[in-house]
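Structural features, examined
Listed here are the chains, written in short residue letters.
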Amino acid sequence: MKDPAQTSQPSKARVAVLVSGNGSNLQAILDAATSPSYPAQVVLVLSNKKDAFALERARKAGVPAEVVEHGAFADRPSFENALIASIEKAGADLVVLAGFMRVLSPHFIKKFPNRILNIHPALLPSFPGTRAIEQAWNYGAKVTGVTVHFVDEGTDTGPIVLQEAVPIIPKETLESLEKKVHFVEHRLFPEAIRLFAEKKLAVAGRKVTVS
Ligand code: GRF
């Protein structure tokens, strides 16, 4: 009789996660991936900062983690080539930017067309760039949110996969808003990765359809 554990399961999508800091989004993905039915696995964590807490999270989860410090390279192409080499060696199907604080050039982006996902803590195209939660709060917006998008050659401009709104209530503080936005991020990012892994995303121009 066949051992049920040996019956063929569809192979899981292999995900490389790029980080620079705390790694709470990485944690949400690692947690989702502990479920046997989750269709993706994190095969590599890459950090450009050696003291990123995200590295600790990767080690705890038993996921290979590497530090590739941008400062150790003569220029951006050589830094990016080191990232590309590690990602290719890990056999990643998908690259996920989870609080990765370096701009990636077209050289990197072209290597992984429609295979890089980023999470942005605002409803794009509003409030692109850094400190997006603070930008929305300072602006006096009544609604902000979270966007998961494919990465193209612009900054926070790629085709949108998922978005969810977060209301900014009258007594909101920046701290309370940050909590609400992160809570949504930690649900939306694993969900977008699941859709990618299940091959449910189709990109046509700026439009991403989810089947
Ligand atoms: C998140 O808010 C993400 O949207 C932004 O950077 C932050 C990273 O947080 N791109 P963490 O490192 O995942 O905790």
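This structure is a prediction, so every number in the text was calculated from the model and none was measured.

1. Remarks on the overall build of the protein chain
Counting its secondary structure elements, the protein chain contains six helices and nine strands. Its C-alpha atoms give the protein chain a radius of gyration of 18 Å, within 12% of the compact-globule value 17 Å for 211 residues. Its C-alpha atoms put the protein chain at 65 × 50 × 35 Å along the principal axes. Counting all 211 residues of the protein chain, 45% fall into the buried class.

2. Let's talk about the packing of helix 1 (residues 24–33) against helix 6 (residues 174–197)
In the contact formed by helix 1 and helix 6, the axes pass within 9 Å of each other and the chain directions differ by 55 degrees. The orientation of helix 1 with respect to helix 6, classified from their angle, is oblique. In this structure, helix 1 meets helix 6 at a crossing whose hand is right-handed. Every residue of helix 6 that contacts helix 1 at Ser24, Asn25, Ala28, Ile29 and Ala32 is listed here: Glu185, His186, Phe189, Pro190 and Ile193.

3. Here's the deal with the pattern of salt bridges
Inspection of every chain in the model, using the stated rule, returns eight salt bridges. Here glutamate 69 ties to lysine 50 by a salt bridge, and the two come within 3.9 Å at their closest N and O atoms. With glutamate 69 in the loop between strand 3 (65–67) and helix 3 (76–89) and lysine 50 in the loop between strand 2 (40–47) and helix 2 (53–60), the pair connects residues that are 19 residues apart, well separated along the chain. You can call glutamate 69 partly exposed: its relative accessible area is 32%. Salt bridges sharing partners connect three or more residues here, namely Glu191, Arg194, Glu198 and Lys200.

4. Some words on the site of the ligand
All residues adjacent to the ligand are Asn22, Gly23, Ser24, Asn25, Gly99, Ile119, Pro121, His182 and Glu185. Note that an oxygen atom of the ligand is positioned 3.4 Å from one of the side-chain N or O atoms of asparagine 22. Interatomic distance of 2.8 Å between a backbone N/O atom of glycine 23 and an oxygen atom of the ligand. In isolation the ligand offers 370 Å² of accessible surface; the protein chains occlude 82% of this area. Going through the elements one at a time, helix 1 and helix 6 are the ones with two or more residues in the shell around the ligand. A breakdown of the residues in the shell around the ligand according to their chemical character gives two nonpolar, six polar and one charged.

5. Quick notes on the packing of aromatic side chains
As enumerated under the stated definition, the model contains four aromatic pairs in all. Seen in terms of ring centroids, phenylalanine 127 and tyrosine 139 are 5.6 Å apart; in terms of plane orientation they differ by 65 degrees. Their pairing is edge-to-face. Of the two residues, phenylalanine 127 sits in the loop between strand 5 (116–120) and helix 5 (132–139) while tyrosine 139 sits in helix 5, which places them 12 residues apart along the sequence. A relative accessible area of 15% places phenylalanine 127 in the buried class. Tyrosine 139 sits in the exposed class, given a relative accessible area of 67%.

6. Overview of the environment of glutamate 185
Relative to the assigned elements, glutamate 185 resides in helix 6. Not counting residues up to four positions away in its chain, the partners in contact with glutamate 185 are Asn25, Ile119, His120, Pro121, Val146 and Pro190.

7. Things to note about unusual backbone geometry
The omega torsion of the bond from leucine 124 to proline 125 falls at 10 degrees, within 30 degrees of zero and hence cis. For proline 125, the location among the structural elements is in the loop between strand 5 and helix 5. One non-glycine residue, aspartate 156, adopts positive backbone phi at about 60 degrees. Structurally, the position occupied by aspartate 156 is in the loop between strand 6 (143–150) and strand 7 (160–167). Even without a glycine there, the phi angle at lysine 199 is positive, about 55 degrees. In this structure lysine 199 comes out as exposed when scored by relative accessible area, which is 73%.

The rules behind each value
- Residues numbered from 1 in each chain as written.
- Predicted model: local features only at pLDDT ≥ 70, side-chain atom pairs only at ≥ 80, totals over all residues.
- Heavy atoms only, no water.
- Helix = DSSP H or I, 4+ residues; strand = E, 2+ residues; numbered from the N terminus.
- Rg over C-alpha atoms; globule rule 2.2 N^0.38 Å.
- Buried < 20%, exposed > 50% of the residue type's maximum accessible area, 1.4 Å probe, protein only.
- Axes fitted to C-alpha atoms, helices over the stretch in contact; angles between N-to-C directions.
- Parallel < 35°, antiparallel > 145°, perpendicular 65-115°, else oblique.
- Left-handed = near helix turned anticlockwise from the far one by under 90°.
- Contact = heavy atoms within 4.5 Å.
- Salt bridge = Lys/Arg side-chain N within 4 Å of Asp/Glu carboxyl O.
- Near = heavy atom within 4 Å.
- Polar contact = N/O pair within 3.5 Å; in protein donor to acceptor, adjacent residues only side chain to side chain.
- Areas by Shrake-Rupley, 256 points an atom, 1.4 Å probe, with all protein chains shown as cover.
- Nonpolar A, V, L, I, M, F, W, Y, C, P; charged D, E, K, R; others polar.
- Phe/Tyr/Trp six-rings, centres within 6.5 Å; stacked < 30°, edge-to-face > 60°.

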